[in-house]
Amino acid sequence: EFQSIDAHQRRAEREVQAERKRLEEIQAEGASFPPMDEVEDSLRKAQSELRETKSKLDAAKRRAGSVQDKIDAEKQKEDEASQKLARLNDEKSLRRQRLFGMFQGLKDAFEWIDQNRKMFRRPIHGPIGTEVQPKSALTAAYLEHHVSSNTWRSFVVECPEDYKLLYREVREKKGIPINIITVPQGRLKPVTRMYSDCKMDVLRREHGFFGYLDETFTAPDPIMQALINNHNVDKVIVGGEEVQKALDRKDLIELLSTREAHDKKSGKVSSCFFYTHNRSSYRYTSQPSRFSGEIGTSSDEVQPARLLKPGCDPNIKEELSEIIKKAKETIENLLPAIQEGQIEMDEWHKHGQHVSVKLKDSKRLKQEWTQYKAKLRNQKEKLAEAEEDAAKDNEREKVQMVNKIKKLVENSIKESESAAKAHNECMKSTHALTGVKMTEDGLSDNLRKLGDLLQERMSETAELESRFKQTDKLYTTIKDSLKKLRDDAQAIAPQNEWGDRLQEDDMPEDLDGLEDALDEAENKVNSITDNPHVTRQYEERKVEIERCREQLENMNQSQGMKNSQLKQKLGAWQSKLINIQQDVNGKFSEYMKEVGCAGEIRLYTGGETSNYENGEENQEHYNFKDWGIEILVKFREASKLQVLSAQTHSGGERSVSTIMYLMGLQNLMKSPFRCVDEINQGLDERNERLVFKRIVKNSTIPTEPGKSLDDHCGQYFLITPKLLPNLDGMENENITVLFVFSGPENFADCLDWNVDKFIAEKKRVLLTGGDWRSDGGTPKRKRRSR
């Protein structure tokens, strides 16, 4: 440190020279700055110009914003009117709302399908009523009149897997009624027209027809195919006022009923067409009789469409269109003002950017000048500090350093003396520690002796524990032996029988008294004399028991043989019965599922097996009189299968279950005919349609190839006061409708019916072409005849 004082002085002098040089460089750098007054004046001007530019730009923005607000208001009017107009033009949505209001549960089914479309393999279409788009109000009325309401609310699927999934999730799990139509792959098959092109040209030219019903509306391919499959819209034709004239000429029906040249079938064909007359619309149908071949006709007036009618008043649409038009014109008139305002704002914005650049430059110069002043001041302070450090008195510092060294030497000598004293004290402490160590060895020996004594006491404790365990085991053995003796005593003299006797005073109290009592009882037994009468009765009873035992053995052998024979017959009979029950159960379950319910057929055996003891064998007892069939049904998703009964189910539910059970039985037995009376009267519309469809399918099964015509499913008579219109299956050629005329206009007595007179009158009509009525009146137009 003493030598470093001179080195520090030299470093301080060099530092002074370096700081002085840096100060001269900073002063030279400041000469390039413009005067501070000019910089501040330029900054004030730029700030003032920028404030003015911003004020003008804000004014231009306010003017443009006012014009933009007007445009936005007009656009809002236009958007609101456009949305209202779009909603009014959305015929599909309007028809959907009408369908939801007409059919309960349809909305829930549609919403579930719409939310779960990803579950299905192919698209789900419908309801059908929302997918068709008639080309006019008149054709909408035609189409709505021709297609049943069940079809309008039906959904269309494109594969059987989607049908099963939709039916299970909506009908079975959620209990929502739903109609489903399957169109494989959703493809529209090529349409085969009922009439040739030549014949259709004649119908257009001479009879006033326009075309087919399926040409009067548009629909997706799956929807169109579903309507063709279920309602033959491709075979119905549509005409105008000229059709009535053709009907009056009486040549139209003959033309429509005549088969085409390429059609090899015999007889007439049915037809259906729509037409207008005197501002009214009609549907006209013709159907040849299966017996006489004569054409029966019917005519129905067509009411205006309710479901497919146009969505709203055209005047409202015109008002909304006018609002949209005016809003667009106003917007077009305001657009030039917006463009001018935008140009003005762009100019002021560009000017403001230029002024901002000038302002930034002025601020930068002022900041650099301020930084230069601070840098110059700092450098001057550093130079003053370096000069002050170089001007210090080094000799005085050297004297102070010598004095400091002297003090350190003196302190070192004093510390050496203190260390010698400490060494002596350490030696004394070592001697004392040696004594303590010797005392510690004595204590360790005593501790070792105490440990040995502890081990001896632990060994004695372990021996005592072993003796305790042996004693406890002996106690358990004696206890079990006493329990066994008690059980033996209980078996010989039960407590519940001998308890009161043991409490009496004459019972012995010790073992000697008990032995004396036993000897006394034995003497009493030995003193009893023989009674020949009792002995004889005993022998007779013994012989009788032996004889009964032999009879019982013989009866058991006979019963065993009969049981074996019964089992052999029962096996074949019961297996056949079970096969029949399973066959009927399969059909019944399938038919009940078609109507949205669940059903099962079970074989009730009435508790067929009851066991009872006879000797050592168990016998089987068969209660065949209690056997029967149980019909279990479920009509609601939340309920369980229950046995069909009048106490649990309504009349309609029992009717559906009964007819489906009969349908399941029908193919198992042959009968010339079957007859049911008013089976459809307790059913709602949906179930009645499904039940009728099932009856038609099961009762019109064609004769198998190679079998005689007599080998058929039998006739089926459905007696009812009324049927629903547009029933599926009524067009089947194997169905005959028999009307019972019992009104006041008919014969009062069946004997009044003169068949010979009727045939003669009919021949006269055919020969003369006159009126067939005997009273000479004008024949009335028939509404329907078959």
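Residues numbered from 1 in each chain as written. Predicted model: local features only at pLDDT ≥ 70, side-chain atom pairs only at ≥ 80, totals over all residues. Heavy atoms only, no water.

1. Side note on the overall build of the chain
Inference 1: Along the backbone of the chain there are 20 helices and 16 strands.
Inference 2: The buried share of the chain, taken over its 786 residues, is 29%.
Inference 3: The long-range share in the chain, meaning contacts at least 24 apart out of those at least 6 apart in sequence, stands at 73%. (Helix = DSSP H or I, 4+ residues; strand = E, 2+ residues; numbered from the N terminus. Buried < 20%, exposed > 50% of the residue type's maximum accessible area, 1.4 Å probe, protein only. Contact = heavy atoms within 4.5 Å.)

2. Side note on the environment of Cys597
Inference 1: If you trace the backbone, Cys597 turns up in the loop between helix H17 (532-594) and strand E10 (598-604).
Inference 2: Given the relative accessible area of 10%, Cys597 is considered buried.
Inference 3: Separated by 39 residues in the primary sequence, Cys597 and Arg636 have C-alpha atoms spaced 7.1 Å apart.

3. Observations regarding the sheet that holds strand E4 (residues 209-212)
In sheet architecture, strand pairing relies on hydrogen bonds along the backbone and comes in two forms, parallel and antiparallel.
Inference 1: Here we have five strands laid out as an open sheet, ordered E4-E6-E7-E8-E9, and mixed in their pairing. This sheet does not close on itself; its edge strands, each paired only once, are E4 and strand E9 (295-302). Averaged over all pairs of adjacent strands, the angle between their axes in this sheet comes to 20°, without regard to strand direction.
Inference 2: Bridging between E4 and strand E6 (residues 237-239) involves three bridges; their strand directions are antiparallel. Counterpart to Gly211 in the pairing with E6 is Val238.
Inference 3: The sheet strands contacting helix H9 (residues 197-207) are E4 and E6, and the helix crosses E4 at an angle near 150°.
Inference 4: Sitting on the sheet, helix H11 (residues 242-249) touches E4, E6, strand E7 (271-277) and strand E8 (280-288), and the angle it makes with E7 is about 120°. (Pairing = 2+ DSSP bridges. Axes fitted to C-alpha atoms, helices over the stretch in contact; angles between N-to-C directions.)

4. Topic: the pattern of salt bridges
Inference 1: Under the criterion given, the structure shown has 24 salt bridges.
Inference 2: Here Asp487 and Arg486 are joined by a salt bridge, their closest N and O atoms 4.0 Å apart.
Inference 3: Put simply, Glu685 and Arg689 hold a salt bridge, and the shortest N to O gap is 3.2 Å. Of this pair, Glu685 and Arg689 both sit in helix H19 (residues 685-699), separated by four residues, roughly a single helical turn.
Inference 4: A residue is classified by how much of its surface remains accessible, and Arg689, at 11% relative accessible area, is buried.
Inference 5: Salt bridges sharing common partners tie together Arg193, Asp214 and Glu215. (Salt bridge = Lys/Arg side-chain N within 4 Å of Asp/Glu carboxyl O.)

5. Some details on the nonpolar core
Inference 1: Membership of the largest hydrophobic core comes to 47 residues, with the highest contact counts inside it found for Val132, Leu143, Trp152 and Leu166.
Inference 2: Contributions of two or more residues to this core are made by helix H3 (91-102), helix H4 (106-115), helix H6 (137-146), strand E2 (155-157), helix H8 (160-173), strand E3 (180-182), helix H10 (221-231) and E7.
Inference 3: Core analysis: the second largest hydrophobic core is formed by 21 residues, Met592, Tyr661, Leu683 and Tyr716 among them. (Core = buried A, V, L, I, M, F, W, Y, C linked by side-chain atoms within 4.5 Å.)

6. A look at a negative patch on the surface
Inference 1: Together, Asp510, Asp512, Glu515, Asp516, Asp519, Glu520 and Glu522 make up a region of like negative charge exposed at the surface.
Inference 2: Within the element layout of this structure, Glu520 appears in helix H16 (residues 511-526). (Patch = residues over 30% accessible without salt bridge, like charges linked within 9 Å, V, L, I, M, F, W, Y side chains within 5 Å. Areas by Shrake-Rupley, 256 points an atom, 1.4 Å probe, with all protein chains shown as cover. Lys, Arg positive; Asp, Glu negative; His and termini not counted. Charge placed at Lys NZ, Arg CZ, Asp CG, Glu CD.)

7. Points about the packing of aromatic side chains
Aromatic ring pairs: the centre-centre distance and the angle between the two ring planes describe each pair.
Inference 1: Applying the stated criterion across every chain, the model contains ten aromatic pairs.
Inference 2: Clustering of aromatic rings is evident, with ring pairs tying together Phe209, Phe273, Tyr275, Tyr282 and Tyr284.
Inference 3: Between the NZ or CZ atom of Arg193 and the centre of the ring of Tyr212, over which it lies, the distance is 4.2 Å. (Phe/Tyr/Trp six-rings, centres within 6.5 Å; stacked < 30°, edge-to-face > 60°. Lys NZ or Arg CZ within 6 Å of the ring centre and 35° of its normal.)

8. Considerations on H8
Inference 1: For H8, with 14 residues, the first-to-last C-alpha span of 18 Å sits near the 20 Å given by 1.5 Å per residue.
Inference 2: Its maximal kink placed at Tyr167, H8 deviates by approximately 25°.
Inference 3: Looking at H8, one finds that the buried residues are Asp162, Leu165, Leu166, Tyr167, Glu169, Val170 and Arg171.
Inference 4: Each element contacted by the buried residues of H8 is listed here: H4, E2, E3, H17 and H19.
Inference 5: After H8 finishes, the residue Gly175 shows a positive phi value of roughly 70°. (Expected span 1.5 Å × (residues − 1). Bend = angle between axes of the 7 residues up to and from the residue.)

9. Thoughts on empty space enclosed by the protein
Inference 1: Under the criterion given, the structure shown has one cavity of 30 Å³ or more.
Inference 2: The volume enclosed by the largest cavity comes to roughly 40 Å³.
Inference 3: Per-element tally for the lining of the largest cavity: the top contributor is H19, with four residues.
Inference 4: Residues that form the lining of the largest cavity fall into these classes: six nonpolar, one polar and one charged. (1 Å grid on protein atoms, 1.4 Å probe; cavity = no way out; pocket = protein on both sides within 12 Å on 5 of 7 lines; lining within 4 Å. Points joined across faces, edges and corners; volume = space filled by probe spheres on them. Nonpolar A, V, L, I, M, F, W, Y, C, P; charged D, E, K, R; others polar.)

10. So, the packing of H17 against helix H18 (residues 651-666)
Inference 1: Two numbers describe how H17 lies on H18: the axes approach to 8 Å, and their chain directions differ by 135°. Our classification of the angle between H17 and H18 gives oblique. Considering the relative orientation of H17 and H18, their crossing is right-handed. Residues Val584, Lys587, Phe588, Tyr591 and Met592 of H17 lie in contact with H18, whose contacting residues are Val656, Ser657, Met660, Tyr661, Met663, Gly664 and Leu665.
Inference 2: Here the residues of the contact of H17 with H18 are counted per class, giving nine nonpolar, two polar and one charged. (Parallel < 35°, antiparallel > 145°, perpendicular 65-115°, else oblique. Left-handed = near helix turned anticlockwise from the far one by under 90°.)

11. Thoughts on the sheet that holds strand E13 (residues 628-634)
Inference 1: Strand order in this open sheet of three strands is E10-E13-E14, and the pairing throughout is antiparallel. The open sheet has two edge strands with one neighbour each: E10 and strand E14 (642-643).
Inference 2: Here E13 pairs with E14 via two bridges, running antiparallel. Bridge assignment links Val633 to a residue of E14, and that residue is Gln642.
Inference 3: Its contacts with the sheet place H17 against E10 and E13, and it is angled at close to 165° to E10.

12. Quick notes on the pairing of E8
Inference 1: In this structure, E7 lies alongside E8, joined through seven bridges in antiparallel fashion. Pairing of His277 across the sheet is with Ser280, part of E8.
Inference 2: Connecting E7 to the antiparallel partner E8 that follows it, the hairpin turn spans two residues, and Asn278 within it adopts a positive phi of roughly 50°.
Inference 3: Bridge count between E8 and E9: eight bridges; the pairing is antiparallel. Among the inter-strand pairings, Arg283 is bridged to a residue of E9, identified as Asp300.

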